[in-house]
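Listed below, chain by chain, are the residues.
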Amino acid sequence: MTTMLRTLITITALLLSSVAARASEPLQIEIGYLHYQPERPPALSNILPEPADSGLRGAELAIDDSNTTGRFLKQSYRLQTVRADSPDEVLAGARQLQQQGVELFVANLPAAELLRLSAALGPQALIFNAGSQDDSLRRQSCPTNVLHTAPSRAMLTDALGQWLKARRFERWLLLVGNQPEDQRYAEALERAAQRFGARIVARKAWSFDTDLRRTAQKELPLFTRTDDYDVVLVADERGDFGEYVLYNSWLPRPVAGTQGLTPVAWHRVVEQWGAAQLQSRFDEMAGRWMTGTDYAAWAAVRSIAEAAIQTGANDAATLEHHIRSDRFQLAGFKGRKLSYRRWNGQLRQPIPLVHPRALVSQSPQEGFLHPVTELDTLGFDQPEVHCKL
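Residues numbered from 1 in each chain as written. Predicted model: local features only at pLDDT ≥ 70, side-chain atom pairs only at ≥ 80, totals over all residues. Heavy atoms only, no water.

J.: Is there a simple way to explain the packing of helix H6 (residues 153-166) against helix H7 (residues 180-195) in this structure?
T.: A pair of packed helices can be characterised by two numbers: the angle between their axes and the separation between those axes. The N-to-C vectors of H6 and H7 enclose an angle of 45 degrees; their axes lie 9 Å apart at closest approach. Relative to H7, the element H6 is oriented oblique. Relative to H7, H6 is oriented so that their crossing is right-handed. Mapping the contact onto sequence places Arg153, Ala154, Thr157, Asp158 and Leu160 in H6 and Glu181, Arg184, Tyr185, Ala188, Leu189, Arg191, Ala192 and Arg195 in H7. (Axes fitted to C-alpha atoms, helices over the stretch in contact; angles between N-to-C directions. Helix = DSSP H or I, 4+ residues; strand = E, 2+ residues; numbered from the N terminus. Parallel < 35°, antiparallel > 145°, perpendicular 65-115°, else oblique. Left-handed = near helix turned anticlockwise from the far one by under 90°. Contact = heavy atoms within 4.5 Å.)

Here's what the structure looks like:
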(Lines give C-alpha, C1' and ligand atoms only; values in the text may rest on other atoms or scores of the structure.)
Protein backbone atom coordinates (compact mmCIF):
# COMPACT_ATOMS: atom_id res chain seq x y z
CA MET A 1 0.00 0.00 0.00
CA THR A 2 1.48 3.34 -1.04
CA THR A 3 1.93 6.26 1.32
CA MET A 4 -0.55 8.37 -0.68
CA LEU A 5 -3.22 5.66 -0.50
CA ARG A 6 -2.73 5.27 3.26
CA THR A 7 -3.07 9.03 3.64
CA LEU A 8 -6.34 9.07 1.66
CA ILE A 9 -7.76 6.22 3.74
CA THR A 10 -6.82 8.02 6.95
CA ILE A 11 -8.44 11.29 5.79
CA THR A 12 -11.61 9.46 4.71
CA ALA A 13 -11.82 7.67 8.06
CA LEU A 14 -11.41 10.95 9.93
CA LEU A 15 -14.13 12.59 7.84
CA LEU A 16 -16.53 9.70 8.38
CA SER A 17 -15.90 9.67 12.10
CA SER A 18 -16.47 13.43 12.22
CA VAL A 19 -19.82 13.10 10.40
CA ALA A 20 -20.86 10.23 12.64
CA ALA A 21 -19.92 12.16 15.76
CA ARG A 22 -21.79 15.22 14.54
CA ALA A 23 -24.89 13.16 13.73
CA SER A 24 -24.83 11.56 17.17
CA GLU A 25 -24.80 14.91 18.99
CA PRO A 26 -28.21 16.54 19.64
CA LEU A 27 -28.68 19.71 17.61
CA GLN A 28 -30.92 22.53 18.89
CA ILE A 29 -32.14 25.05 16.29
CA GLU A 30 -33.61 28.26 17.74
CA ILE A 31 -35.70 30.46 15.43
CA GLY A 32 -37.16 33.86 16.22
CA TYR A 33 -40.50 34.89 14.72
CA LEU A 34 -41.02 38.66 14.48
CA HIS A 35 -44.37 40.28 13.70
CA TYR A 36 -45.45 43.87 13.33
CA GLN A 37 -48.03 45.25 10.91
CA PRO A 38 -49.17 48.88 11.12
CA GLU A 39 -52.84 49.38 11.79
CA ARG A 40 -54.78 49.92 8.60
CA PRO A 41 -57.78 52.23 8.27
CA PRO A 42 -61.06 50.41 7.61
CA ALA A 43 -61.67 49.38 4.02
CA LEU A 44 -64.69 50.66 2.14
CA SER A 45 -66.00 47.18 1.31
CA ASN A 46 -66.95 44.04 3.20
CA ILE A 47 -63.72 42.13 2.63
CA LEU A 48 -62.54 39.35 4.91
CA PRO A 49 -59.67 40.67 7.05
CA GLU A 50 -56.32 38.92 7.23
CA PRO A 51 -56.19 36.70 10.34
CA ALA A 52 -54.31 38.33 13.21
CA ASP A 53 -52.03 35.28 13.52
CA SER A 54 -51.32 34.98 9.79
CA GLY A 55 -47.70 33.93 9.37
CA LEU A 56 -47.24 32.75 12.94
CA ARG A 57 -49.38 29.66 12.47
CA GLY A 58 -47.47 28.74 9.31
CA ALA A 59 -44.19 28.96 11.21
CA GLU A 60 -45.63 26.83 14.02
CA LEU A 61 -46.74 24.14 11.58
CA ALA A 62 -43.26 24.09 10.05
CA ILE A 63 -41.74 23.69 13.51
CA ASP A 64 -43.99 20.67 14.09
CA ASP A 65 -43.08 19.23 10.67
CA SER A 66 -39.38 19.77 11.30
CA ASN A 67 -39.46 18.18 14.75
CA THR A 68 -41.28 15.15 13.32
CA THR A 69 -38.38 14.39 10.99
CA GLY A 70 -35.71 15.96 13.18
CA ARG A 71 -36.14 13.58 16.08
CA PHE A 72 -34.69 10.74 13.98
CA LEU A 73 -31.58 12.89 13.41
CA LYS A 74 -31.45 14.18 17.00
CA GLN A 75 -32.45 17.65 15.83
CA SER A 76 -34.84 19.83 17.80
CA TYR A 77 -36.53 23.03 16.59
CA ARG A 78 -38.00 25.77 18.76
CA LEU A 79 -39.81 28.98 17.81
CA GLN A 80 -39.52 32.11 19.95
CA THR A 81 -42.12 34.74 19.08
CA VAL A 82 -42.00 38.53 19.31
CA ARG A 83 -45.27 40.25 18.37
CA ALA A 84 -45.81 43.89 19.27
CA ASP A 85 -47.85 46.95 18.39
CA SER A 86 -44.84 49.11 17.56
CA PRO A 87 -41.79 48.47 15.37
CA ASP A 88 -39.44 49.65 18.11
CA GLU A 89 -40.73 46.93 20.45
CA VAL A 90 -40.21 44.28 17.79
CA LEU A 91 -36.69 45.53 17.12
CA ALA A 92 -35.89 45.48 20.86
CA GLY A 93 -37.26 41.94 21.11
CA ALA A 94 -35.15 40.81 18.15
CA ARG A 95 -32.00 42.26 19.71
CA GLN A 96 -32.77 40.49 22.96
CA LEU A 97 -33.16 37.17 21.16
CA GLN A 98 -29.88 37.76 19.36
CA GLN A 99 -28.14 38.41 22.68
CA GLN A 100 -29.50 35.05 23.84
CA GLY A 101 -27.82 33.35 20.87
CA VAL A 102 -30.61 33.28 18.28
CA GLU A 103 -29.22 33.83 14.77
CA LEU A 104 -32.19 32.73 12.62
CA PHE A 105 -35.29 34.89 12.21
CA VAL A 106 -38.58 34.80 10.27
CA ALA A 107 -39.94 38.33 9.86
CA ASN A 108 -43.47 39.43 9.03
CA LEU A 109 -42.73 43.14 8.74
CA PRO A 110 -43.26 46.03 6.31
CA ALA A 111 -40.32 46.78 4.00
CA ALA A 112 -39.02 49.77 5.96
CA GLU A 113 -39.01 47.86 9.24
CA LEU A 114 -37.36 44.86 7.60
CA LEU A 115 -34.48 47.10 6.49
CA ARG A 116 -34.14 48.48 10.04
CA LEU A 117 -34.06 44.94 11.40
CA SER A 118 -31.46 43.86 8.86
CA ALA A 119 -29.16 46.74 9.79
CA ALA A 120 -29.67 46.24 13.54
CA LEU A 121 -28.95 42.50 13.62
CA GLY A 122 -26.04 42.65 11.18
CA PRO A 123 -24.33 39.95 9.12
CA GLN A 124 -24.28 37.39 11.92
CA ALA A 125 -28.08 36.98 11.59
CA LEU A 126 -30.06 35.31 8.80
CA ILE A 127 -33.53 36.80 8.29
CA PHE A 128 -36.32 35.35 6.17
CA ASN A 129 -38.78 37.91 4.81
CA ALA A 130 -42.20 36.28 4.99
CA GLY A 131 -44.28 39.46 4.96
CA SER A 132 -43.21 42.14 2.49
CA GLN A 133 -43.77 41.87 -1.28
CA ASP A 134 -41.97 45.15 -1.94
CA ASP A 135 -40.03 45.03 -5.20
CA SER A 136 -37.30 47.40 -4.00
CA LEU A 137 -36.11 44.79 -1.49
CA ARG A 138 -35.29 42.48 -4.39
CA ARG A 139 -34.02 45.03 -6.91
CA GLN A 140 -32.42 48.03 -5.22
CA SER A 141 -31.72 47.58 -1.50
CA CYS A 142 -31.17 43.80 -1.40
CA PRO A 143 -30.10 43.46 2.27
CA THR A 144 -27.36 40.85 2.34
CA ASN A 145 -28.62 39.00 5.42
CA VAL A 146 -32.20 38.61 4.13
CA LEU A 147 -33.80 35.84 2.09
CA HIS A 148 -37.33 36.26 0.73
CA THR A 149 -39.93 33.51 0.92
CA ALA A 150 -42.78 35.94 0.20
CA PRO A 151 -43.03 36.47 -3.57
CA SER A 152 -42.45 39.99 -4.86
CA ARG A 153 -45.18 42.01 -6.55
CA ALA A 154 -43.23 41.59 -9.78
CA MET A 155 -43.44 37.80 -9.46
CA LEU A 156 -47.19 38.00 -8.88
CA THR A 157 -47.91 40.35 -11.77
CA ASP A 158 -45.56 38.47 -14.13
CA ALA A 159 -47.47 35.28 -13.32
CA LEU A 160 -50.72 37.02 -14.23
CA GLY A 161 -49.19 38.69 -17.29
CA GLN A 162 -48.00 35.35 -18.66
CA TRP A 163 -51.49 33.87 -18.37
CA LEU A 164 -53.10 36.91 -20.00
CA LYS A 165 -50.58 36.73 -22.85
CA ALA A 166 -51.21 33.02 -23.33
CA ARG A 167 -54.96 33.72 -23.50
CA ARG A 168 -54.42 36.72 -25.82
CA PHE A 169 -55.90 39.26 -23.44
CA GLU A 170 -53.61 42.03 -24.69
CA ARG A 171 -55.61 45.22 -24.05
CA TRP A 172 -55.74 46.10 -20.37
CA LEU A 173 -57.84 48.63 -18.49
CA LEU A 174 -55.97 49.43 -15.26
CA LEU A 175 -57.85 50.67 -12.18
CA VAL A 176 -55.65 51.91 -9.33
CA GLY A 177 -56.52 52.62 -5.70
CA ASN A 178 -55.25 55.60 -3.74
CA GLN A 179 -52.97 53.78 -1.28
CA PRO A 180 -49.16 53.69 -1.72
CA GLU A 181 -49.22 49.88 -2.04
CA ASP A 182 -51.82 50.20 -4.82
CA GLN A 183 -49.45 52.45 -6.76
CA ARG A 184 -46.64 49.91 -6.37
CA TYR A 185 -48.88 47.06 -7.54
CA ALA A 186 -49.91 49.16 -10.55
CA GLU A 187 -46.26 49.83 -11.38
CA ALA A 188 -45.63 46.07 -11.32
CA LEU A 189 -48.58 45.53 -13.67
CA GLU A 190 -47.24 48.18 -16.05
CA ARG A 191 -43.87 46.43 -16.03
CA ALA A 192 -45.61 43.13 -16.84
CA ALA A 193 -47.51 44.77 -19.69
CA GLN A 194 -44.27 46.00 -21.23
CA ARG A 195 -42.58 42.67 -20.67
CA PHE A 196 -45.30 40.58 -22.33
CA GLY A 197 -46.36 42.94 -25.08
CA ALA A 198 -49.71 44.07 -23.66
CA ARG A 199 -51.16 47.57 -24.04
CA ILE A 200 -52.75 49.52 -21.22
CA VAL A 201 -55.58 51.36 -22.98
CA ALA A 202 -56.28 53.52 -19.92
CA ARG A 203 -55.10 53.91 -16.34
CA LYS A 204 -57.78 55.27 -14.03
CA ALA A 205 -57.27 56.36 -10.42
CA TRP A 206 -59.99 55.50 -7.90
CA SER A 207 -60.45 58.53 -5.66
CA PHE A 208 -64.00 58.09 -4.37
CA ASP A 209 -64.98 57.45 -0.76
CA THR A 210 -68.57 56.39 -1.36
CA ASP A 211 -70.26 53.27 -0.02
CA LEU A 212 -70.12 51.00 -3.06
CA ARG A 213 -72.47 48.54 -1.43
CA ARG A 214 -75.21 50.96 -2.48
CA THR A 215 -73.82 52.72 -5.55
CA ALA A 216 -71.60 50.20 -7.42
CA GLN A 217 -74.17 49.59 -10.17
CA LYS A 218 -74.24 53.30 -10.98
CA GLU A 219 -70.66 54.40 -10.47
CA LEU A 220 -68.51 51.54 -11.76
CA PRO A 221 -69.96 51.26 -15.30
CA LEU A 222 -69.22 54.95 -15.86
CA PHE A 223 -65.80 54.68 -14.20
CA THR A 224 -64.79 51.81 -16.51
CA ARG A 225 -66.05 53.42 -19.71
CA THR A 226 -63.17 53.88 -22.16
CA ASP A 227 -61.74 52.41 -25.37
CA ASP A 228 -62.27 48.69 -25.94
CA TYR A 229 -60.33 46.40 -23.61
CA ASP A 230 -59.97 42.64 -23.08
CA VAL A 231 -59.60 42.59 -19.31
CA VAL A 232 -59.96 44.89 -16.30
CA LEU A 233 -56.90 44.85 -14.04
CA VAL A 234 -57.34 46.08 -10.48
CA ALA A 235 -54.65 47.39 -8.12
CA ASP A 236 -56.48 47.60 -4.78
CA GLU A 237 -54.56 45.70 -2.13
CA ARG A 238 -56.63 46.99 0.77
CA GLY A 239 -59.96 46.20 -0.90
CA ASP A 240 -61.58 49.62 -1.09
CA PHE A 241 -63.38 49.08 -4.40
CA GLY A 242 -61.97 46.11 -6.26
CA GLU A 243 -64.53 43.57 -5.06
CA TYR A 244 -67.29 45.54 -6.77
CA VAL A 245 -65.66 45.78 -10.20
CA LEU A 246 -66.70 42.23 -11.08
CA TYR A 247 -69.92 42.28 -13.17
CA ASN A 248 -70.10 46.08 -12.98
CA SER A 249 -67.66 47.10 -15.73
CA TRP A 250 -68.93 49.06 -18.76
CA LEU A 251 -67.91 46.20 -21.06
CA PRO A 252 -68.55 42.58 -20.00
CA ARG A 253 -64.93 41.64 -19.38
CA PRO A 254 -63.03 39.45 -16.89
CA VAL A 255 -61.42 41.08 -13.85
CA ALA A 256 -57.96 40.22 -12.53
CA GLY A 257 -55.23 41.56 -10.25
CA THR A 258 -55.83 42.10 -6.56
CA GLN A 259 -59.43 41.00 -7.12
CA GLY A 260 -61.05 38.56 -9.54
CA LEU A 261 -58.40 36.23 -10.95
CA THR A 262 -55.62 36.75 -8.43
CA PRO A 263 -51.95 35.68 -8.39
CA VAL A 264 -51.05 34.50 -4.88
CA ALA A 265 -48.31 32.76 -2.94
CA TRP A 266 -50.83 30.25 -1.56
CA HIS A 267 -54.57 29.64 -1.35
CA ARG A 268 -56.88 27.02 0.09
CA VAL A 269 -57.87 25.88 -3.44
CA VAL A 270 -54.31 24.61 -4.12
CA GLU A 271 -54.63 20.85 -3.63
CA GLN A 272 -52.29 19.16 -6.12
CA TRP A 273 -48.74 17.92 -5.51
CA GLY A 274 -49.55 16.83 -1.95
CA ALA A 275 -50.81 20.30 -1.00
CA ALA A 276 -54.11 18.87 0.25
CA GLN A 277 -52.20 17.12 3.05
CA LEU A 278 -50.45 20.37 4.00
CA GLN A 279 -53.78 22.20 3.97
CA SER A 280 -55.35 19.50 6.13
CA ARG A 281 -52.55 19.61 8.73
CA PHE A 282 -52.76 23.37 8.87
CA ASP A 283 -56.54 23.41 9.26
CA GLU A 284 -56.33 20.83 12.05
CA MET A 285 -53.75 22.94 13.90
CA ALA A 286 -55.05 26.49 13.26
CA GLY A 287 -58.76 25.97 12.62
CA ARG A 288 -58.68 28.13 9.49
CA TRP A 289 -57.31 28.24 5.95
CA MET A 290 -53.64 28.74 5.22
CA THR A 291 -52.82 32.21 3.87
CA GLY A 292 -49.96 33.29 1.64
CA THR A 293 -48.18 34.76 4.66
CA ASP A 294 -48.59 31.46 6.51
CA TYR A 295 -47.06 29.67 3.54
CA ALA A 296 -44.12 32.09 3.36
CA ALA A 297 -43.39 31.60 7.07
CA TRP A 298 -43.76 27.83 6.70
CA ALA A 299 -41.31 27.84 3.76
CA ALA A 300 -38.82 29.91 5.77
CA VAL A 301 -38.73 27.49 8.71
CA ARG A 302 -38.65 24.48 6.40
CA SER A 303 -35.72 26.03 4.48
CA ILE A 304 -33.80 26.25 7.75
CA ALA A 305 -34.67 22.66 8.65
CA GLU A 306 -33.73 21.32 5.22
CA ALA A 307 -30.37 23.07 5.38
CA ALA A 308 -29.78 21.81 8.93
CA ILE A 309 -30.49 18.25 7.83
CA GLN A 310 -28.05 18.51 4.92
CA THR A 311 -25.25 20.26 6.82
CA GLY A 312 -25.72 19.05 10.38
CA ALA A 313 -25.20 22.66 11.51
CA ASN A 314 -27.30 25.26 13.29
CA ASP A 315 -25.26 28.46 12.80
CA ALA A 316 -26.54 31.10 10.42
CA ALA A 317 -23.38 31.34 8.29
CA THR A 318 -23.27 27.63 7.42
CA LEU A 319 -27.01 27.39 6.80
CA GLU A 320 -27.08 30.51 4.63
CA HIS A 321 -24.15 29.31 2.54
CA HIS A 322 -25.94 26.03 1.85
CA ILE A 323 -29.34 27.64 1.19
CA ARG A 324 -27.86 30.01 -1.38
CA SER A 325 -25.99 27.20 -3.13
CA ASP A 326 -27.09 25.12 -6.11
CA ARG A 327 -27.29 22.07 -3.82
CA PHE A 328 -30.30 23.37 -1.91
CA GLN A 329 -33.83 22.31 -2.83
CA LEU A 330 -37.07 22.70 -0.89
CA ALA A 331 -40.15 20.53 -1.37
CA GLY A 332 -42.84 23.20 -1.35
CA PHE A 333 -46.03 21.41 -2.50
CA LYS A 334 -46.09 23.40 -5.75
CA GLY A 335 -45.05 20.74 -8.22
CA ARG A 336 -41.43 21.95 -8.44
CA LYS A 337 -38.38 21.86 -6.22
CA LEU A 338 -37.80 25.37 -4.89
CA SER A 339 -34.48 27.19 -4.59
CA TYR A 340 -33.16 30.69 -3.90
CA ARG A 341 -31.83 33.22 -6.40
CA ARG A 342 -28.25 34.13 -5.61
CA TRP A 343 -28.57 37.69 -6.91
CA ASN A 344 -31.35 38.85 -4.56
CA GLY A 345 -32.18 36.03 -2.15
CA GLN A 346 -35.66 35.44 -3.56
CA LEU A 347 -37.24 31.99 -3.26
CA ARG A 348 -38.08 30.72 -6.74
CA GLN A 349 -41.62 29.37 -6.75
CA PRO A 350 -44.59 28.79 -9.05
CA ILE A 351 -47.45 31.24 -8.55
CA PRO A 352 -51.07 29.96 -8.42
CA LEU A 353 -53.74 31.99 -10.21
CA VAL A 354 -56.98 31.59 -8.32
CA HIS A 355 -60.46 32.85 -7.74
CA PRO A 356 -62.11 32.28 -4.35
CA ARG A 357 -63.30 28.76 -5.13
CA ALA A 358 -60.91 27.28 -7.70
CA LEU A 359 -57.35 27.14 -9.00
CA VAL A 360 -57.42 28.42 -12.58
CA SER A 361 -53.77 27.98 -13.53
CA GLN A 362 -50.23 28.13 -12.22
CA SER A 363 -47.37 30.15 -13.67
CA PRO A 364 -44.85 30.00 -15.24
CA GLN A 365 -47.02 29.22 -18.24
CA GLU A 366 -45.98 26.72 -20.88
CA GLY A 367 -43.87 28.31 -23.60
CA PHE A 368 -42.20 30.99 -21.45
CA LEU A 369 -38.60 29.83 -21.53
CA HIS A 370 -35.43 30.72 -19.65
CA PRO A 371 -31.83 29.49 -20.11
CA VAL A 372 -31.59 28.35 -16.46
CA THR A 373 -35.10 27.70 -15.12
CA GLU A 374 -38.57 28.82 -16.20
CA LEU A 375 -39.16 29.94 -12.61
CA ASP A 376 -36.83 32.85 -13.34
CA THR A 377 -39.35 34.22 -15.85
CA LEU A 378 -41.28 35.43 -12.78
CA GLY A 379 -39.95 38.54 -11.10
CA PHE A 380 -36.55 40.17 -11.48
CA ASP A 381 -33.95 38.20 -13.38
CA GLN A 382 -30.27 38.75 -12.64
CA PRO A 383 -29.65 41.46 -15.30
CA GLU A 384 -32.53 43.52 -13.86
CA VAL A 385 -31.13 43.67 -10.32
CA HIS A 386 -29.10 46.75 -9.39
CA CYS A 387 -27.36 45.47 -6.29
CA LYS A 388 -25.00 42.63 -5.51
CA LEU A 389 -25.05 40.22 -2.58
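J.: Sorry if this is basic, but what is going on with helix H11 (residues 316-323) here?
T.: Think of an α-helix as 3.6 residues a turn; residues three or four steps apart then line up on the same face. Ala316, Leu319, Glu320, His322 and Ile323 are the residues of H11 that are buried. Buried positions in H11, seen along its axis, are confined to an arc of 165 degrees and lie on one side of it. Turned more than 90 degrees off the buried face of H11, the exposed positions are Ala317 and His321. (Buried < 20%, exposed > 50% of the residue type's maximum accessible area, 1.4 Å probe, protein only. Arc of directions from axis to C-beta.)

J.: Please clarify how the sheet that holds strand E3 (residues 104-108) should be interpreted in this entry.
T.: Note on sheets: strands pair through backbone hydrogen bonds, and any given pair is parallel or antiparallel. Sheet architecture is open: 5 strands sit in the order E2-E1-E3-E4-E5, paired in parallel fashion. Strands at the two margins of the open sheet, each flanked by one partner only, are strand E2 (75-83) and strand E5 (146-148). If you compare each strand with its neighbour and ignore which way they point, the axes differ by 25 degrees on average. The strands that helix H4 (residues 111-121) touches are strand E1 (27-35), E3, strand E4 (126-129) and E5; relative to E4, the one it contacts most, it runs at about 170 degrees. (Pairing = 2+ DSSP bridges.)

J.: Can you walk me through the environment of glycine 260 in this structure?
T.: Mapped onto the fold, glycine 260 is located in the loop between strand E9 (255-257) and strand E10 (262-263). According to the relative accessible area criterion, glycine 260 is buried, its value standing at 18%. In the structure, glycine 260 is positioned 14 residues away from leucine 246 in sequence and 6.9 Å away in space, judged by C-alpha atoms. Ignoring sequence-local partners within four residues, the contact set of glycine 260 consists of Leu246, Val255, Val354 and His355.

J.: So what exactly am I meant to see when it comes to the sheet that holds strand E13 (residues 351-355) here?
T.: Strand order in this open sheet of 3 strands is E10-E13-E14, and the pairing throughout is antiparallel. With one partner strand each, in any of the chains shown, E10 and strand E14 (358-363) form the two edges of the open sheet. Packed on one face of the sheet, H6 meets E10, E13 and E14 and runs near 70 degrees to E13.

J.: When you look at the pattern of salt bridges in this model, what are you seeing that I'm missing?
T.: Between side chains of opposite charge, pairing is possible as soon as their charged atoms come close. In total, this model carries 25 salt bridges according to the counting rule given. Here arginine 203 ties to glutamate 190 by a salt bridge, and the two come within 2.8 Å at their closest N and O atoms. Separated by 13 residues along the polypeptide, arginine 203 in strand E7 (residues 199-205) and glutamate 190 in helix H7 bring together distant segments of the chain. With a relative accessible area of 30%, glutamate 190 lands in the partly exposed category. Among the ionic pairs, glutamate 320 bridges to arginine 324, the shortest N-O distance being 2.9 Å. With respect to burial, glutamate 320 and arginine 324 carry one shared label: buried. (Salt bridge = Lys/Arg side-chain N within 4 Å of Asp/Glu carboxyl O.)

J.: What should I look at first to understand the pairing of E1 in this one?
T.: Strand residues, when the strand is regular, have side chains that alternate between the two faces of the sheet. Along E1, 8 of the 9 residues are buried, which leaves the element largely enclosed by surrounding structure. The pairing of E1 with E2 spans 9 bridges and is parallel. Within the sheet, the bridge partner assigned to leucine 34 lies in E2 and is valine 82. Both E1 and E3 contribute to a ladder of 5 bridges, which runs parallel.

J.: Quick question: what am I supposed to make of H4 here?
T.: Of all the positions in H4, only Ala111, Glu113, Leu114, Leu117, Ser118 and Leu121 are classed as buried. An end-on view of H4 places all buried positions within 160 degrees of arc, on one side of the element. Facing away from the buried side of H4 by more than 90 degrees, the exposed set consists of Ala112 and Ala119. On its buried face, H4 is in contact with E1, helix H3 (87-99), E3, E4, helix H5 (136-139) and E5. Note on H4: the residue one or two positions beyond its end, glycine 122, has a positive phi of about 75 degrees.

J.: Teacher, can you tell me more about the pairing of E14 here?
T.: Pairing of E13 with E14 involves 5 bridges; the strand directions are antiparallel. Residue valine 354 lies in a different strand from E14, and its bridge partner there is leucine 359. Remark: 2 residues form the turn of the hairpin made by E13 and E14, two consecutive strands paired antiparallel.

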